[in-house]
Amino acid sequence: MARLIWSEPALTDLEEIAEHIAIDNRDAAKKLVQRIFNAVERLKSHPKSGRKPPELYKTAYRELIVNPCRIFYKSEKEDIYILYIMRGERSLRNYILEERAGKKPD
């Protein structure tokens, strides 16, 4: 079974999204966080279950969709790195993903 490794920035992303939702609906924020943790937890058994993001199709990155969020991750051997969580309606900023994966942007 693979090991999940959450990056600090990804946890911060999730916290900021939840705080924003909680302004209007605290229960919805809690439910979203729980749904995201449940979806990510399943990656331990099925690390390739996420789709290849259309914007990053030729890379090793994958994503899970948990509306309204996109969770970006990368699988390496027995480790799964959760790198970036964003609202689905926002545009992906590729350089953030590269920075969080420890690579320098091209």
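The structure we're discussing is the one just above.
Each value, and the rule that gives it
Residues numbered from 1 in each chain as written. Predicted model: local features only at pLDDT ≥ 70, side-chain atom pairs only at ≥ 80, totals over all residues. Heavy atoms only, no water. Salt bridge = Lys/Arg side-chain N within 4 Å of Asp/Glu carboxyl O. Helix = DSSP H or I, 4+ residues; strand = E, 2+ residues; numbered from the N terminus. Buried < 20%, exposed > 50% of the residue type's maximum accessible area, 1.4 Å probe, protein only. Phe/Tyr/Trp six-rings, centres within 6.5 Å; stacked < 30°, edge-to-face > 60°.

1. Details of the pattern of salt bridges
Right, on to step 1. By the definition in use, this model includes eight salt bridges.
Right, on to step 2. Residue Glu55 is joined to Arg70 by a salt bridge in which the shortest nitrogen-to-oxygen separation is 2.8 Å. Residue Glu55 is found in the loop between helix 2 (26-42) and strand 2 (61-66), and its partner Arg70 is found in strand 3 (residues 69-76); the two are separated by 15 residues along the sequence.
Right, on to step 3. One salt bridge in this structure joins Arg87 and Glu89, with 3.1 Å as the shortest N-O distance.
Right, on to step 4. Among the residues examined, Glu89 registers a relative accessible area of 57% and is labelled exposed.
Right, on to step 5. What emerges from the salt-bridge pattern is a single network uniting Arg51, Glu55, Glu63 and Arg70.

2. So, the packing of aromatic side chains
Right, on to step 1. The full count for this structure, using the stated rule, is two aromatic pairs.
Right, on to step 2. Judged by centre distance (5.0 Å) and plane angle (40 degrees), the ring pair of Trp6 and Phe37 falls under tilted. Residue Trp6 is found in strand 1 (residues 3-6), and its partner Phe37 is found in helix 2; the two are separated by 31 residues along the sequence.
Right, on to step 3. A centroid spacing of 5.8 Å and a plane angle of 25 degrees characterise the contact between Phe72 and Tyr84, whose relative ring orientation is stacked.

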